[in-house]
Amino acid sequence: MSDTEFPLVQFMREGFDPVAELARIRTEQPIFPMEIPGGSTVWLATRYDDVRSVLGDSDRFSNDFGNITGMGSNQEDPGGLGFRDPPEHTRLRKFLTPEFTMRRLKRLEPRIEAIVEEHLDRMAAQGSETDLVQAFALPIPSLVVCELLGVPYDERADFLRLSTDRFDFTAGPEASLQAINDAMTYLTDLVARERKNPGDGLLGMLLREHGDEIDDRILASMADGLLTGGHDTSTSMLALGTLWLLHNPEQAARVRDEDGYVVQVVEELLRYMTVVQVAFPRFAKEDMELGGQQIAKGEMVLCSLTAANRDPALGRDMDSVLPEREVAASHVAFGHGLHRCIGAPLAQMEMRIAFPALLRRFPDLRVNGEVPFRKLAIVYGVESLPVAW
Ligand code: HEM
């Protein structure tokens, strides 16, 4: 196998599964070198243990992109938590942590249920077929983030458009960038308004409790990080999870009829689908050995969460969905270590509410046509999911 033979293998899939080459790399050369233009090497980590040790070691690995742009540290620039190192990462993450405890999130539960029911009503009113991505999987996570942040009701339609346009690459990269800028402009304005008159959402709470420790620009960029982190990911899980359930009617029936069964299914589907295919890039802070491979200071390590979550070292038959498996919860679909997904309990809550509600409302739901999967994607998913009932 040549070093550059599979440079994009970590972003490819065949249906629900990683491509076969990824499993071969994991067996034959688990820390895989990929030459990138400019002559530097990026290492692809594919084994579960190696991925956990990279993600769990913020002493030896940095998330700071300044490492490759050569422009020095980016710690002062806007951008989500994923590109920041301690102590700045610790400082900012500490503000958000209390907002993601189960106690705080419980407050959102009835709102998520209402958002889900509203969309099911709309689907029912619309006829007997739809694209489930547009009708359900896309708007729900976005409205949940609105609810979390405290975006006013009459501004949600516009906000929803901004948050979906950035992921619509059909209009070209400029349109996507424009949508990101527009979202930042909107969020900066929202933060300024919340500062004057703090509401009940996350922004209002943060400003009330820590308003003097955090400036508007950073807060807007953290809000944007929550939007980008919580939107496409949950959309993909809702769509892929539904597709899998429709292919597995016995499991769908259990999710529909047995209280609590969905909890296990969601956890195992998170592992199996691993929609976030690679973690944020990590940069070696020193020369080191990783999984038997020498890595030089400054080199980038990409952790393939997809490969790690299917690693046979994690358990038996990792290419199957076995909701009863005990190791399900040790998957790395949310990452691991300091940067582990802060929104994990919220995403789990969304799915635990959405899947049974959908299957109860439309017990005869079925796939109704070709399902186009994304081709090369950091966040894997489907372009559309035609369904009928
Ligand atoms: C199924 C849904 C989701 C999946 C699979 C997912 C997955 C991930 C992964 C893999 C990481 C990176 C871990 C790393 O590089 O070490 C991450 C980070 C993050 N996620 Fe999620 N996520 C989901 C939903 C959400 C939601 C709902 C939110 C918030 C509303 C969110 C906010 C974030 C943030 C802010 C980070 C950065 C954390 C940090 O760097 O400290 N995510 N997520």
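Details of the structure are given in the entry above.
Numbering of residues starts from 1 in every chain and runs along the sequence as written. Per-residue local features are limited, in this predicted model, to residues with pLDDT of at least 70; the limit for side-chain atom pairs, both in listing and counting, is 80 or more; totals at the level of whole chains, interfaces and linings are taken over all residues.

*Asks:* What should I look at first to understand the nonpolar core in this one?
*Replies:* Val301 and Cys303 are the most contacted members of the largest nonpolar core, which totals 91 residues. Strands here mean DSSP runs of E at least two residues long; helices mean DSSP runs of H or I at least four residues long; both are numbered from the N terminus. At 12 residues, helix α12 (residues 216–247) tops the list of elements feeding residues into this core. We call two residues in contact when their backbone-placed C-beta atoms lie within 7 Å. Here cysteine 303 is in contact with Ala45, Val51, Val54, Leu55, Val278, Ala279, Arg282 and Ala308, once residues within four sequence places are set aside. Think of a nonpolar core as buried Ala, Val, Leu, Ile, Met, Phe, Trp, Tyr and Cys residues chained together by C-beta atoms that fall within 7 Å. Three exposure classes are used, based on other C-beta atoms lying within 10 Å of a residue's own C-beta, which is placed from the backbone: buried for 20 or more, exposed for 12 or fewer, and partly exposed in between.

*Asks:* Quick question: what am I supposed to make of the environment of alanine 223 here?
*Replies:* Within the secondary structure, alanine 223 sits in helix α12. A count of 28 C-beta atoms within 10 Å places alanine 223 in the buried class. Note: C-alpha distance between alanine 223 and leucine 243 (20 residues apart in sequence) is 30 Å. Apart from residues lying up to four places away in sequence, alanine 223 is in contact with Leu149, Leu187 and Leu203.

*Asks:* I'm lost on the sheet that holds strand β3 (residues 31–35) in this one. Help?
*Replies:* Where strands meet in a sheet, backbone hydrogen bonds hold them as pairs that are either parallel or antiparallel. One open sheet holds the 5 strands; their spatial order is β3-β4-β10-β7-β5, and the pairing between them is mixed. Both edges of this open sheet fall to β3 and β5 (61–62), since each of them pairs with a single strand only. Paired strands are those between which DSSP finds at least two bridges. Relative to strand β4 (residues 41–45), β3 is paired through 5 bridges, and the arrangement is antiparallel. What sits directly across from phenylalanine 32, in β4, is leucine 44. Each of β3, β4, β5, β7 (282–284) and β10 (300–303) touches helix α2 (residues 48–55); the most contacted strand, β10, lies at about 125° to it. Axis definition: a line fitted to C-alpha atoms, over the contacting stretch in the case of helices. Angles run 0 to 180 degrees between N-to-C directions.

*Asks:* Got a minute to help me understand the packing of α12 against helix α16 (residues 344–361) in this structure?
*Replies:* A packed helix pair is summarised by two numbers, namely the angle formed by the two axes and the spacing between the axes. At a minimum axis distance of 10 Å, the contact between α12 and α16 shows a crossing angle of 35°. Here α12 and α16 pass one another in a crossing that is right-handed. Here Gly230, Thr233, Ser234, Met237, Leu238, Gly241, Thr242 and Leu245 of α12 lie close against α16, whose contacting residues are Leu346, Ala347, Glu350, Met351, Ala354, Phe355, Leu358 and Leu359. Per-class residue counts for the contact of α12 with α16 are 10 nonpolar, 5 polar and 1 charged. Each crossing gets its hand from how the near helix is turned against the far one by less than a right angle, where anticlockwise is left-handed and clockwise is right-handed. The residue classification treats Ala, Val, Leu, Ile, Met, Phe, Trp, Tyr, Cys and Pro as nonpolar and Asp, Glu, Lys and Arg as charged. All others, Gly included, are polar.

*Asks:* Can you help me understand the site of the ligand in this one?
*Replies:* Within the structure, the ligand sits among 28 residues, and Gly229, Gly230, Gly335, Cys341 and Gly343 are positioned closest to it. Elements supplying a minimum of two residues to the shell around the ligand: α12 and α16. Ranked by residue count, the leading element in the shell around the ligand is α12, at 7 residues. Split into classes, the residues belonging to the shell around the ligand amount to 16 nonpolar, 10 polar and 2 charged. In this analysis a residue is considered near a molecule or strand if the C-beta atom, reconstructed from its backbone, is found within 6 Å of that molecule or strand.

*Asks:* Sorry if this is basic, but what is going on with the packing of α12 against helix α14 (residues 261–273) here?
*Replies:* Between α12 and α14, whose axes approach to 11 Å, the crossing angle comes to 105°. Compared by their axis directions, α12 and α14 come out roughly perpendicular. Residues Met237, Leu240, Gly241 and Trp244 of α12 touch α14, and the partners they reach there are Leu269, Leu270 and Met273. Residues that form the contact of α12 with α14 fall into these classes: 6 nonpolar, 1 polar and no charged. Under this scheme an angle from 65 to 115 degrees is roughly perpendicular, one under 35 degrees roughly parallel, and one over 145 degrees roughly antiparallel; angles in between are oblique.

By themselves, these observations are geometric and do not establish any function.
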